[in-house]
Amino acid sequence: MTAINVTLDIYSALVCMILCGSLFSAQGKKARLRLYFLLMCMFNFGMALGDIPSWTCSGFTRSWYPVAQWIGALVFWLCSTGMLLFFTAYLIEYLSPKVHVHRVFWHVALVLGGMHIAGVLLSVGNGMFFTITAENVYQRGDWFWFSQLLPLLIYVLDIVIFAFYHQVLSMRDFHILSSYIALPLVCELIQMTHFGVSLLPAGVSVSLLLIYINIQSEQELRLERQEKELAEARIDIMLSQIQPHFLYNSLTAIRQLCDENPAQAKETIHDFAQFLRGNMNSLKSKAPIPFEQELSHVENYLALEQQRFQGRLHVNYEIKIRNFSIPPLTIQPIVENAVRHGILKREAGGTVTIQTKENDMAYLVIVEDDGVGMQPVMQNDHEHMHIGIENVRERLAAICAGTLTFYSVPDKGTTVVITIPKEDRS
């Protein structure tokens, strides 16, 4: 029987390794449901490995065999608790998009799991759940029945969750998910009545395979579709920043220049083409780009605006630092905001100044304008702030842990400070 038990444990461990490898290789798909399933596989892997010393070391008296027995038994028992808890978490998370699952279920599961873990740890000293005899033989303790009751109550809790929320599950999903209750329960009942038989890791592995093939793989495909939809939404948002009226006005200005100043029209067309290319290139990159590339894009934008508003828009570049990277389309929306909502609100126009600096911790990009400024109460009012600015703030935080800060004085102008942390900071 020992050979059969060890073979089943090795089979279970290999199945869980394959499932874990498959989940780890699915890069970029960060989902709580996937994490819980991964933990279920990892705990069953630990349970299978922890069970092997119970059969291969039992009865042998070499000095390290009892240690292997104790370690294996602890790993098996603790992993069995984790396996149960994270199935409950998986079930709740699977249901959560369709129905609100009351948190009391998870809290009860945690209490039961905590009691089980406490009993396992106490068993090292008092043998209440299990012990290893002087002859290095695994033996059930006087409170072994209680060690089985606690997992049974967690299974009952899962059944109650099914009973409360079964209406949001398809019959197929109900059968697949409930296999994680039915198969381990059958295996545990056999083990309790036939000491020396080890079926639990194998039963859980079969259930994990069923869930992975029929449910989790579909979740992975759904995540891929969601990522594609998010990417398309991101493109839509960034394309919306090329304002239709800006394109129309730029083309109108170019048409007028074709009659008045063909040479200038040719130069403006070049700036316009470079501006569009900069936007298109930015859509292809999620990673930071060289500051020079972003600055070139801003220069093309400002050249077009200066052509439209001759005499009203002035630009001042104070570029001291260039050798750093910045998320794409970071500076242009800020400069556009300064031009449209600051400078051009003044009849006489004004100046936009772009500076770069650095300190020990970060690179700084500063965009200043001497336009009409904003009222203090409006500085943090997201509902009235240009959507491009908020887009910049969110991407700075997500891509490089950067920040964006506003300083504005009514009738004096606005200053925006972009902070890019240095990667080699201590």
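Computed from a predicted structure; not experimentally measured. Here the residue numbering is sequential within each chain, running from 1 through the sequence in written order. Local features in this predicted model are restricted to residues whose pLDDT is 70 or higher, and side-chain atom pairs enter the listing and the counts only when it is 80 or higher, whereas totals over whole chains, interfaces and linings include all residues. Values reported for side chains reflect all heavy atoms of the structure, with hydrogen atoms and water molecules removed beforehand.

Asks: Can you break down the pairing of strand 7 (residues 362-369) residue by residue, with the values?
Replies: Within strand 7, 7 of the 8 residues are buried, leaving the element largely enclosed by the surrounding structure. The pairing criterion is simple: DSSP has to find at least two bridges between the two strands. Going along the chain from the N terminus, every DSSP run of H or I of four or more residues is numbered as a helix, and every run of E of two or more is numbered as a strand. Examined bridge by bridge, strand 6 (residues 350-358) and strand 7 share 7 bridges and lie antiparallel to one another. For Thr353, the partnering residue across the bridge sits in strand 7 and is Glu368. Here strand 6 hands over to strand 7 after 3 residues, the two strands then running antiparallel side by side. Taken together, the 8 bridges between strand 7 and strand 9 (residues 413-421) define a ladder with antiparallel strand orientation. By the bridge assignment, Glu368 is partnered in strand 9 with Thr415. Each residue is placed in one exposure class: buried if its accessible area under a 1.4 Å probe, protein chains only, is under 20% of its type's maximum, exposed if it is over 50%, and partly exposed if it falls in between.

Asks: How would you summarise the confidence of the model for the chain if you had to cite specific residues and measurements?
Replies: Confidence per residue, as judged by the predictor, is encoded in pLDDT with a range of 0 to 100. Across the chain, the average pLDDT comes to 81, with 84% of residues at or above 70. In what follows, residue pairs with any heavy atoms lying within 4.5 Å of each other are defined as contacts. Segment residues 376-384: pLDDT under 50, and 7 contacts once partners within four positions in sequence are set aside and those in other chains are kept.

Asks: Summarise the pattern of salt bridges; cite the residues concerned and give the values.
Replies: In what follows, salt bridge is the name for a side-chain nitrogen of Lys or Arg lying within 4 Å of a carboxyl oxygen of Asp or Glu. For the structure on display, the rule yields 6 salt bridges. A salt bridge links Asp173 to Arg172; the nearest nitrogen and oxygen atoms lie 3.2 Å apart. Residue Glu305 is joined to Arg308 by a salt bridge in which the shortest nitrogen-to-oxygen separation is 2.6 Å. Linking Glu305 with Arg308, this pair stays in helix 10 (residues 291-308), spanning 3 residues, or about one helical turn.

Asks: Tell me about the pairing of strand 6, residues and numbers included.
Replies: Bridge count for strand 4 (residues 313-319) against strand 6 is 7 bridges, and the pairing is parallel. Pairing of Tyr317 across the sheet is with Ile354, part of strand 6.

Asks: Can you lay out the packing of aromatic side chains for me, pointing to particular residues and giving the numbers?
Replies: We call Phe, Tyr and Trp rings a pair once their centres come within 6.5 Å, taking the six-membered ring for Trp, and we label the pair stacked below 30 degrees between planes, edge-to-face above 60, and tilted otherwise. Counting across every chain of the model gives 19 aromatic pairs. The interplanar angle of 25° and the centroid separation of 6.1 Å between the aromatic rings of Phe37 and Tyr212 together place this pair among those described as stacked. Of this pair, Phe37 sits in helix 2 (residues 32-56) while Tyr212 sits in helix 7 (residues 200-240); the two residues are 175 residues apart in sequence, bridging distant segments of the chain. Overall, the relative accessible area of 0% leaves Phe37 in the buried class. With a centroid separation of 5.8 Å and an interplanar angle of 90°, the aromatic rings of Trp143 and Phe146 are classed as edge-to-face. When the ring centre of Tyr363 is taken as reference, the NZ or CZ atom of Lys422 above it lies at 5.1 Å. Ring-over charges, as used throughout, are those where CZ of Arg or NZ of Lys falls within 6 Å of the ring centre and within 35 degrees of the ring normal.

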